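Close look at the chain arrangement
Here's the letter readout for the chains.
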Amino acid sequence: MSITLFHLNRQLLTRALTRTGPLAIAQQKATSSTVTPDVAKYRAKSAEWLATNEKKYQRPISPHIQIYRFPFQVWSSGFHRISGLMLNGMLYTAGPLAFLATGHSTEILNYIYSMDIPSWFIFSVKLFIAWPISYHALNGIRHLAWDTGRGFENFEKISAVIFLLSFVLAGVITQL
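Keep in mind that what you see is a predicted model, and the values were worked out from it rather than measured.

1. Brief notes about the overall build of the protein
Assigned secondary structure in the protein consists of seven helices and zero strands. Traced from its N-terminal end to its C-terminal end, the protein shows the element sequence α-α-α-α-α-α-α. For the protein, the residues scored as buried account for 16% of the 176 residues in total. Taking as baseline every contact in the protein between residues at least 6 positions apart, the subset at least 24 positions apart corresponds to 81%.

2. Topic: the UniProt feature "transmembrane region" (unreviewed entry) in the protein
What UniProt calls "transmembrane region" (unreviewed entry) maps, in this numbering, to residues 85-105, 117-138 and 158-175. Measuring from the first to the last C-alpha atom of residues 85-105 gives 26 Å, for a span that is 81% helix and 0% strand. The span residues 117-138 is 91% helical and 0% strand by assignment, and the distance between its end C-alpha atoms comes to 31 Å.

3. Digging into the nonpolar core
Looking at soluble globular proteins, one finds that nonpolar side chains tend to be buried together. Counting residues in each nonpolar core, the largest one holds six residues, listed as Ala130, Trp131, Tyr135, Leu138, Ile162 and Ala170. Secondary structure elements with two or more residues in this core: helix 6 (119-147) and helix 7 (155-175). If one sorts the elements of this core by residue count, helix 6 sits on top with four residues. Filtering out sequence-adjacent residues up to four positions away, Leu138 remains in contact with Ile162, Leu165, Ser166 and Leu169.

4. Quick notes on the packing of helix 6 against helix 7
Contact pair helix 6 / helix 7: the axes reach a minimum separation of 7 Å and the direction vectors enclose 140°. With respect to their mutual orientation, helix 6 and helix 7 come out oblique. The handedness of the crossing between helix 6 and helix 7 comes out as right-handed. Of the residues belonging to the contact of helix 6 with helix 7, the class tally is 16 nonpolar, seven polar and two charged.

5. A few points about the packing of aromatic side chains
In this description, a pair of aromatic rings is defined by centroid distance and the angle of the planes. In this structure the tally under the stated criterion is ten aromatic pairs. For the pair Phe79 and Trp131, a centre-to-centre distance of 6.3 Å together with 85° between the ring planes defines the contact as edge-to-face. Within this pair, whereas Phe79 is found in helix 4 (residues 72-100), its partner Trp131 is found in helix 6, the two being separated by 52 residues in sequence. Exposure remark for Trp131: the relative accessible area of 11% places this residue in the buried category. Aromatic pair Trp131 and Phe167: ring centres 5.5 Å apart, planes at 25°, arrangement stacked. You can see Trp131 sitting in helix 6 and its partner Phe167 sitting in helix 7, a full 36 residues away along the chain. Three or more aromatic residues joined by ring pairs form one cluster here, namely Phe72, Phe79, Trp131, Tyr135, Phe163 and Phe167.

6. Quick word on helix 4
Look at helix 4: 41 Å from first C-alpha to last across 29 residues, which is about the 42 Å you get at 1.5 Å a residue. Buried within helix 4 we find Gln73, Ser76, His80, Ser83 and Gly84. Elements in contact with the buried residues of helix 4: helix 6 and helix 7.

7. Points about a nonpolar patch on the surface
A contiguous nonpolar patch, built from Val161, Leu165, Val168, Leu169, Val172, Ile173 and Leu176 and spanning about 640 Å² of accessible area, is present on the exposed surface. Mapped onto the elements of the fold, Val168 is located in helix 7. Judged by relative accessible area, Val168 falls into the exposed class, the value being 52%.

8. Re helix 5 (residues 105-114)
Little of helix 5 sits out of view: just zero of its ten residues are buried. Immediately downstream of helix 5, the backbone of Asp116 shows phi near 55°, a positive value.

9. Some words on unusual backbone geometry
In this structure, Asp116 takes a positive phi of about 55° despite not being glycine. Mapped onto the elements, Asp116 comes out in the loop between helix 5 and helix 6.

What counts, and where the lines are drawn
Residue positions within a chain follow its written sequence, with the count starting from 1. Per-residue local features of the predicted model are confined to residues with pLDDT of at least 70, and side-chain atom pairs are confined, for both listing and counting, to 80 or more; whole-chain, interface and lining totals are unaffected and use all residues. To get the side-chain values, all heavy atoms of the structure are used, and hydrogens and water are removed first. Counting from the N terminus, the helices are DSSP H or I runs at least four residues long and the strands are E runs at least two residues long. Only protein chains enter the accessibility calculation, which uses a 1.4 Å probe; a residue is then buried when its area is under 20% of its type maximum, exposed when over 50%, and partly exposed in between. Any two residues having at least one pair of non-hydrogen atoms within 4.5 Å are treated as being in contact. UniProt positions are given in the numbering used here, feature names are shortened, and annotations may be inferred rather than shown by experiment. To form a nonpolar core, buried Ala, Val, Leu, Ile, Met, Phe, Trp, Tyr and Cys residues must be joined to one another through side-chain atoms within 4.5 Å. A fitted line through C-alpha atoms serves as each axis, taken over the contacting stretch for helices, and the angle formed by two N-to-C directions is quoted from 0 to 180°. Under this scheme an angle from 65 to 115 degrees is roughly perpendicular, one under 35 degrees roughly parallel, and one over 145 degrees roughly antiparallel; angles in between are oblique. Take the far helix as your reference; a near helix turned counterclockwise from it by less than a right angle gives a left-handed crossing, and one turned clockwise gives a right-handed crossing. The nonpolar class holds Ala, Val, Leu, Ile, Met, Phe, Trp, Tyr, Cys and Pro. Asp, Glu, Lys and Arg form the charged class, and all remaining residues, Gly among them, are polar. Put simply, two rings from Phe, Tyr or Trp (the six-membered ring, in Trp's case) pair if the centres are within 6.5 Å, and we call them stacked under 30 degrees between planes, edge-to-face over 60, tilted for the rest. How far a helix is expected to stretch is found by multiplying one less than its residue total by 1.5 Å. Distance thresholds for patches are 9 Å for like charges and 5 Å for nonpolar side chains (Val, Leu, Ile, Met, Phe, Trp, Tyr), applied to residues having over 30% relative accessible area and no salt bridge. Note on areas: these come from Shrake-Rupley sampling with a 1.4 Å probe, and a residue is covered only by the protein chains present in the view. Salt bridge, as used here, is a side-chain nitrogen of Lys or Arg placed within 4 Å of a carboxyl oxygen of Asp or Glu.

Written out as structure tokens, the structure reads:
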């Protein structure tokens, strides 16, 4: 469907530039005295450029997500939002569960230990819980620094450092 729309738009654009559509011909007949040779030459050059450009590059008219490379700052902003959503999900899930488990925490921990869950799985679950906390906290500190006007010079490096440091901090938290 998008190919059909692309060809339809190309045809309409070509007709508009060369003034070969039925409406354009009727308008030219009505106002033929206003179409100077320079305007006709410009229209012909525009149509020729359009045909040549389309054949030469064979690319979409606007930047497409397949050819556009997002800067790291976009990914950092997205991760900040996702980590905030993860924290909200944990708050609304773990909060009521902690309320229900009041007074029974030793029984629950003994039950979890009796299941013989592999240590790598426990570590990865703890990391999954700790990473949003550390990333969101470190990124929040960066945003507080931005509010004072600092940190805009090397924002891509700072974003990468915060991303890596959040995993290190989450690893430290999981070892506690």
